[in-house]
Amino acid sequence: MSKVIIVTGAANSIGRSTCKTLAQAGHTVYVSMQETKGHDDHGVEDAGKHGAELRTIAFDVASEASVNSAIDAIVAENNRLDVIVHNARQVIYGPAEAFTPDQLAELYDTNVLNAQRVNRAALPQLRKQGQGLLIWVSSSSARGASVPFLGAYASSKAALDALALGYAGELARWGVETTIVVPSALGPGHYIRSGRPLDTARAEEYADGPTADVSEIAQSALAQLPAKDRTPQDVATAIADVVGMPFGQRPLRVHFGPDDDGAAAVNAVADSVRMELLRRIGLDDILKPASIG
């Protein structure tokens, strides 16, 4: 069944592939013109050329008023909204101490608060419908083995993961499902194309001190691991597969490839502990969404 979907972070590689794949699967997909402006959006344009239902809409996920207006327009146009894909992200790499507080605030705004703005605008409609789906694109760095100099980024993804789990329990009785998609964070792309600390003097102290070789050793060793970056299309296909699943059968998490950083193993234990606690306190019903739509 065709669904009305909004995808944030449409300008990044996963976002472009996700928009294209979902639109070609027959869904109506909304992307932000603010996010695609100035970026290579060939994949998004290509989807439209093949008759897929991909629509751009003017909104800025950093603005609560802009998000509220866009969601209202989408609902007015379709009389419903079915799926939210939280994919907006920023990656930064370097000694945590060398990032200014303003840089971390910007990171958390992009990786966490943007999702909160969209949820607050869209969830009243999903709860009213009695059915919906939130897909959160996380990272194995949220729960996997900590890689030096990627701690600031990992902390933002850990916050997103915790927020997603909280929403999962709170929305289940409203008929709103949650799936957390977990791509690997071990590939070189997370280092090469990432932001750097603004406090360059502090960063140079790490580069010239006893930690001078840490980054080189880590990147060289990680490059030798058999597990490479999953392609954006792999993630997009997984997201489309989740959207296409019947209500009540969607997994809480989707991991990719060999578990080199242990994230899948850690999540398996953590999610099992969560399920056991909810059973012990009499809330095991929220482990599965209620069908009330």
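Since this is a predicted model, take the numbers as computed values, not measurements.

### Observations concerning the overall build of the protein chain
What the protein chain contains, in helices and strands, is eleven helices and seven strands. Every one of the 293 residues in the protein chain was classed for burial, and the buried ones make up 49%. Counting only contacts in the protein chain whose residues sit at least 6 apart along the sequence, the fraction spanning at least 24 positions is 78%.

### Digging into unusual backbone geometry
Leaving glycine aside, a negative phi is the common case for residues, and trans is the common case for peptide bonds. Phi is positive for asparagine 79, close to 65°, though the residue is something other than glycine. Looking at the element boundaries, asparagine 79 is found in the loop between α4 (64–78) and β4 (83–86). Judged by its relative accessible area of 64%, asparagine 79 falls in the exposed class. Not every positive phi belongs to a glycine, and phenylalanine 149 is a case in point at roughly 75°. In this structure, phenylalanine 149 sits in the loop between β5 (132–137) and α6 (151–171). Owing to a relative accessible area of 16%, phenylalanine 149 belongs among the buried residues under this scheme.

### Quick word on the nonpolar core
Soluble globular proteins tend to pack their nonpolar side chains together in the buried interior. Membership of the largest hydrophobic core comes to 29 residues, with the highest contact counts inside it found for Ile6, Ile71, Leu81 and Leu134. Listing elements by their share of this core, those giving two or more residues are β1 (4–7), α4, α5 (101–129), β5, α6 and β6 (176–182). Take this core: its biggest share by element is six residues, from α5. Apart from the residues lying within four places of it in its own chain, the contact partners of isoleucine 6 are Tyr30, Phe59, Ile71, Ile74, Leu81, Val83, Ile84 and Val85. In this structure, Val7, Leu22, Leu54 and Phe256 belong to the second largest nonpolar core, which totals 24 residues.

### Here's the deal with helix α10 (residues 232–244)
Since one α-helical turn is 3.6 residues long, residues separated by three or four positions face the same way. Compared with the 18 Å implied by 1.5 Å per residue over 13 residues, the 18 Å span of α10 between its first and last C-alpha is a close match. Taken together, the buried positions of α10 are Val235, Ala236, Ala238, Ile239, Ala240, Val242 and Val243. The inward-facing, buried residues of α10 abut β1, α1 (13–24), β4, β5, β6 and β7 (253–255).

### A short note on the confidence of the model for the protein chain
Overall, the predicted model of the protein chain reaches an average pLDDT of 90, with 89% of residues at or above 70. The model gives residues 38–43 a pLDDT under 50, and that stretch makes five contacts with residues more than four places away or in other chains.

### Notes on α1
Over its twelve residues, α1 runs 17 Å from end to end, which matches the ideal 16 Å to within 8%, given 1.5 Å per residue. Where α1 is concerned, the buried positions are Ile14, Gly15, Ser17, Thr18, Cys19, Thr21, Leu22 and Ala23. The opening residue of α1 is asparagine 12, an N-cap whose side-chain oxygen sits 3.2 Å from the backbone nitrogen of isoleucine 14. Two residues or fewer after α1 comes glycine 26, characterised by a positive phi angle close to 105°.

### Structural notes on the pattern of salt bridges
One pass over the structure, following the stated rule, counts eleven salt bridges. Salt-bridge contacts for aspartate 161 lead to arginine 253; the nearest nitrogen and oxygen are separated by 2.7 Å. Highlighted residues: aspartate 161 in helix α6 and arginine 253 in strand β7, separated in sequence by 92 residues. We note that aspartate 161, like arginine 253, is buried. For aspartate 199, the salt bridge is made with arginine 202, and the minimal N-O distance between the two is 3.7 Å. We classify aspartate 199 as partly exposed; its relative accessible area is 25%. Here the salt bridges share partners, and the residues they tie into one network are Arg143, Asp161, Arg253 and Asp271.

### With respect to the sheet that holds β1
Strand order in the open sheet formed by seven strands is β3-β2-β1-β4-β5-β6-β7, and the pairing between neighbours is parallel. Of all the strands in the sheet, the pair left with one neighbour each is β3 (54–57) and β7. Going from strand to strand, the sheet's axes swing by 20° on average, the running direction of each strand aside. Both strand β2 (residues 28–32) and β3 contribute to a ladder of four bridges, which runs parallel. Within β3, the residue paired with serine 32 across the bridge is isoleucine 57. Sheet contacts for α4: β1, β2 and β3; angle to β3, the most-contacted strand, approximately 140°.

Quick notes on the rules
- Residues numbered from 1 in each chain as written.
- Predicted model: local features only at pLDDT ≥ 70, side-chain atom pairs only at ≥ 80, totals over all residues.
- Heavy atoms only, no water.
- Helix = DSSP H or I, 4+ residues; strand = E, 2+ residues; numbered from the N terminus.
- Buried < 20%, exposed > 50% of the residue type's maximum accessible area, 1.4 Å probe, protein only.
- Contact = heavy atoms within 4.5 Å.
- Core = buried A, V, L, I, M, F, W, Y, C linked by side-chain atoms within 4.5 Å.
- Expected span 1.5 Å × (residues − 1).
- pLDDT = per-residue confidence, 0-100.
- Polar contact = N/O pair within 3.5 Å; in protein donor to acceptor, adjacent residues only side chain to side chain.
- Salt bridge = Lys/Arg side-chain N within 4 Å of Asp/Glu carboxyl O.
- Pairing = 2+ DSSP bridges.
- Axes fitted to C-alpha atoms, helices over the stretch in contact; angles between N-to-C directions.

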